[in-house]
Amino acid sequence: MAVSHWLLTSVLFLLLFITDVSAQQQGCSVSDSEPSVYENNPPGYVLTTIHVEPGFTVTIDPTSEDAKFFTIQGSELQLTESVDYEENTVLIVNVICWNSDVQSNSLEILVTILNENDNSPVFKQTNLTQVVPEDTKVNATIIAREELTASDADMDTIFYELTTIVQGTEGYFAIKGVYNPEIYLRRALDYDKFKQTTLLLYARDRPVGSSDTTNTATATINILIEQSDTKPPWFLPCTFINTDNSICISSPYTGRVNISEVSTEPLILEPGPIHAIDPDYTINERIVYSIVGGDTDKVFSVDADTGNLTMNKAATSPDGFLLQVMATQVNNIQKYSVASVEIKVINKSEHPPYFENKIYSGTVFVGVALRSFVFQAGDPSSPLMITAMDDDFPDKVNPNIEYHIKNSTDFIATKDGFILTNVVLQSPETVTIEAVGKDTVSLQEASTVIVVEVMRATAGAVTSSDKAYTAQDMAILGGTLAALLLLAFVFLGVMIYKQYRKSVKYLIRKKFSKEISGGFRNQSYKQDSLPDVSTNAQHETPENGSVRSVTHVLEQPAFPLPSFNAEEINSPPKPSVASTITFDQEEKEEEVEETEPKKEVKSILKTDRNTADDGYKAVWFKTSVDPEARETAEMIEDNAVDSDDGSDQDRQEEEEEEDYDKNDHHRGLGMSLA
C-alpha cells in the first residue's frame, strides 16, 4: 500500500514537469536567463533575447521588484537606465508568456551587475587645521589615522602619500606608511624657522605609477606652529652666530666710575643699559636681574626689574671691577643667561673736551679715490685735521680722545682727527657734517661742524696730489723710506768697518790683553840673572830703539822665569799670552808707521840721558831705579828739526824695523819676556 502511494506521487510529478516543458517549448523562451552587465551601462543595453512562438505574447511582470529597469523591445530584453554596482548588485525580472489572454507560463531572469573602478576615495574632511606646539617630541602623532582614513565605494585598496607645498618645511612631517595615513613629527620644530606649513595628503585606489585608471582624493592639512618656552634670555645687543638665528651672543658691557665718588644715578654703560629679553617673544616671560659675581665688597647693586646698575658706596681702589650679571626667567629659574660688566675706576674729569674751532672748512675734488684726505680750505697741500682740547691735561692734549663723523657716511674721521672720504664723490656740492671727539675714558664728548666743499677738478688741478696723501700711499712711502734707511745704515757700517778695521781690532786686542795680563807685573829690575838677554838684544838691533825700549816696560809674569840660552831664543815660538801682547804692540807700531811714513820714528825710552841727538823728544830713566824712591820720569823738550841729510837713513831704519816686527811676531815666549 505504501509502495503504491509513492509510485502515484512520482507519476503525478512527472506529468506536471512534462506539461511545463511542453508549454515552454510551445510558448516562450530566453537565450540567457542569467545575464551580467557592468555598471554605468548606457540605457537600452540588451541583456538577452526572448523567443516567442506564434500565437504567444510576452510581457514584463509589473509586480517584479526591479521591473522599472527593464523593457522588451521586439524580442530583446533591455535596460531602461544605467545601473550602479554600489546601489544594486543583482536585478531580478519576471516575463509572462500569454497565449491569447490566457497566461501560458512565466520566466524569471536574474541579471548580475559587475563592478567597475568608477569611484574615487573619499576623506571624511578634505580641509583640516592642526596646531602643533614647538616643543612637540619627535615621532609624536600629529593627526590620528581615524581622522585621515579615506573610503572607496569600489572597495579598492587605498594608497596614501603626503607632501608639503611650503618651501623649507620639507621633512618635518610624514605618514606612518603607504597604507596608514597617520601623520607624525620627524624633526624637531623651531618657531623661528617657520611658523606654519601646508601638507597635502593623497589617497589613491591604485599604486603610484600604475598604468590602470587611478582615482585620487586629496586632503589639505594646515599646520600652525605654536611657540613654546624653549630658549633662555638674551642680553641685548647680541650677535647671531648661526644661519638659523637660534643662538645670539652678547658683548660685555663697559662702564666707568670716579674713584672715591658715589654716583647717585644709574651708571651709563656701553653699548647700552643692561637689558635682556625672552627670545620666545610670543610668550615673553618676565625676567629678573641679579649680580652673581665680581662684587665681593658690595659696591654695586642692580635693579631686579629694570637692570639699572647703581653704586652702594665709593670705589676706593683704582682696580676695576668685572661683574657677572644674571638674567633669569621668573617662571623657570633654569632658563638664565649671564653677562659680563666691566667697570673701570678712573680719576674724575674736571673739564670736558672742547673744540677751539666751532667750524672747520675743507675741500675735496670730485672722483678722488676712496680714503682720500679732505684738505684745508685755501691750502690744498695740508690735510684737514680737527683737534679737541682738554683742560684736564697740562698741554691740553688728551690721548684718549677719538673722533668720528655723526651724521654722514660719505666721510670718516681717523683717531688722529684727519677727515677722509668714505665714498667716491660724484658731483660738486657743499656738505655740512658733524664731527664728535669722545674721551674713551670719561666718555665725555665735544662736537664741531665741518663744511666740506666738493669741487670739480679743473684743468689746472692735479688730482693725483690728493692720492699722494692717502693712507695707503703714505704707508707705501714709509715702507720705502724705511728700506732705504736700512740700506744706508748697512752701507755706512761696511764703510766704517773698512776704514777703521785695524783700529778696532787693535782696541779690542788691547782690551783683551789688559784683561789677561792683569796678573803680571814688571819685574825687570829684579832680573839680575838675565843681563845678557837685554844686552844682546840691544847689540843686535841698535837702530830699533822703539822695540828695544818696549821690552823694558813689558809686564813680566809673577812666577820666576827660567834661564834662557841662545838655542831657546832661536827656537820656534810657543803660543803664550806675552807673545800676544808683544804682537799687539807691534801692530800699533805698524799703524803709526803707515800713517806717518816720512817722520822718523825713534824710541822715547832711554836708560841714559842723551841731549846731543836732536830731532826728537825722549823720556829717559836712570840705569838703576829705586822702587821706593818714587821718582818721576822727566820729559826733555827739543825744538830741533830733523835734517834732510838723515832722511835716507831714517827710511832704511823704518824698513829694518818692519822686518824686525814681522820676525818678532814668531819668536815665542822667551823673546817676548825679554
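Above this text you will find the structure in question.
Note that the coordinates shown come from a computational prediction; the quantities given were computed from them, not determined experimentally.

This brings us to the overall build of the protein. On a plain count of helices and strands, the protein comes out with 10 helices and 41 strands. Burial analysis of the protein (674 residues in total) assigns 32% to the buried set. Sequence separation of 24 or more characterises 64% of the internal contacts of the protein that already satisfy a separation of 6 or more. Of the roughly 40,600 Å² of accessible surface on the protein, 53% is carried by carbon and sulfur atoms.

Moving on, we get to the sheet that holds strand β15 (residues 183-185). Adjacent strands of a sheet pair through backbone hydrogen bonds, lying either parallel or antiparallel. With antiparallel pairing, the three strands of this open sheet are ordered in space as β11-β15-β14. Each of the sheet's edge strands pairs with one partner strand only, and the pair in question is β11 (141-143) and β14 (173-175). If you compare each strand with its neighbour and ignore which way they point, the axes differ by 40 degrees on average. The sheet contact formed by β14 and β15 spans three bridges and is antiparallel. Bridge pairing links I175 to I183 in β15.

Here the focus is the sheet that holds strand β6 (residues 76-79). With antiparallel pairing, four strands are arranged side by side in an open sheet as β1-β3-β6-β5. Two strands close off the open sheet at either side, each with one partner strand: β1 (28-30) and β5 (70-73). Going across the sheet, the axis of each strand differs from the next one's by a mean of 30 degrees, ignoring polarity. Bridge count between strand β3 (residues 46-52) and β6: three bridges; the pairing is antiparallel. Bridge pairing in β6 places T49 opposite E76.

All right, on to the state of the cysteines then. Applying the stated criterion to the full structure yields two disulfides. Disulfide partner of C238: C248, at an S-S distance of 1.9 Å. Residues C238 and C248 share a disulfide whose torsion about the S-S bond is about 100 degrees; that sign makes it right-handed. Pair noted here: C238 is in strand β19 (residues 238-240) and C248 is in strand β20 (residues 248-250), with a separation of 10 residues, a long-range link. Numbered by position along the chain, the disulfide-linked cysteines of the protein connect as 1-2, 3-4.

On inspection of all chains with the given rule, the structure shows 10 salt bridges. For the salt bridge of D156 with R206, the shortest nitrogen-to-oxygen distance reads 3.6 Å. In this pair, D156 is assigned in the loop between β12 (150-151) and β13 (159-164) and R206 in the loop between β16 (196-204) and β17 (216-226), connecting sequence segments 50 residues apart. In this structure, K348 and E261 form a salt bridge, with 3.6 Å as the shortest nitrogen-oxygen distance. Of the two residues, K348 is situated in the loop between β28 (336-346) and β29 (354-355) and E261 in the loop between β21 (253-258) and β22 (269-270); the sequence distance between them amounts to 87 residues. Connected via shared salt-bridge partners are E134, D190, D192 and K231.

A contiguous nonpolar surface patch, about 710 Å² in accessible area, is contributed by L485, F489, L492, I496, Y500, V504 and I508. Topologically, V504 is positioned in helix α4 (residues 471-516).

Evaluation of the coordinates by the stated rule reveals nine aromatic pairs. Measuring from ring centre to ring centre gives 5.5 Å for F373 and F418, while their planes differ by 70 degrees; the resulting arrangement is edge-to-face. Here F418 lies in the loop between β35 (411-413) and β36 (419-421) and F373 lies in the loop between β30 (359-365) and β31 (375-376), a separation of 45 residues in the sequence. Exposure remark for F418: the relative accessible area of 25% places this residue in the partly exposed category. Each residue in the set F355, Y360 and Y403 is aromatic and connected to the rest through ring pairs, giving one cluster. R187 extends its terminal NZ or CZ atom over the ring of Y172, reaching a point 4.3 Å from the ring centre.

What follows deals with the pairing of β21. Taking burial as the measure, the six residues of β21 include five buried ones, the bulk of the element. Bridge analysis of β21 against β28 gives six bridges, and the strand direction is parallel. When the bridges of β28 are listed, N258 appears paired with I346. Looking at chain direction, β21 and β22 are connected through two bridges and run antiparallel. Residue pairing in the sheet places G255 in a bridge with L269 of β22.

Cut-offs used in this document
- Residues numbered from 1 in each chain as written.
- Predicted model: local features only at pLDDT ≥ 70, side-chain atom pairs only at ≥ 80, totals over all residues.
- Heavy atoms only, no water.
- Helix = DSSP H or I, 4+ residues; strand = E, 2+ residues; numbered from the N terminus.
- Buried < 20%, exposed > 50% of the residue type's maximum accessible area, 1.4 Å probe, protein only.
- Contact = heavy atoms within 4.5 Å.
- Areas by Shrake-Rupley, 256 points an atom, 1.4 Å probe, with all protein chains shown as cover.
- Pairing = 2+ DSSP bridges.
- Axes fitted to C-alpha atoms, helices over the stretch in contact; angles between N-to-C directions.
- Disulfide = S-S within 2.5 Å.
- Salt bridge = Lys/Arg side-chain N within 4 Å of Asp/Glu carboxyl O.
- Patch = residues over 30% accessible without salt bridge, like charges linked within 9 Å, V, L, I, M, F, W, Y side chains within 5 Å.
- Phe/Tyr/Trp six-rings, centres within 6.5 Å; stacked < 30°, edge-to-face > 60°.
- Lys NZ or Arg CZ within 6 Å of the ring centre and 35° of its normal.

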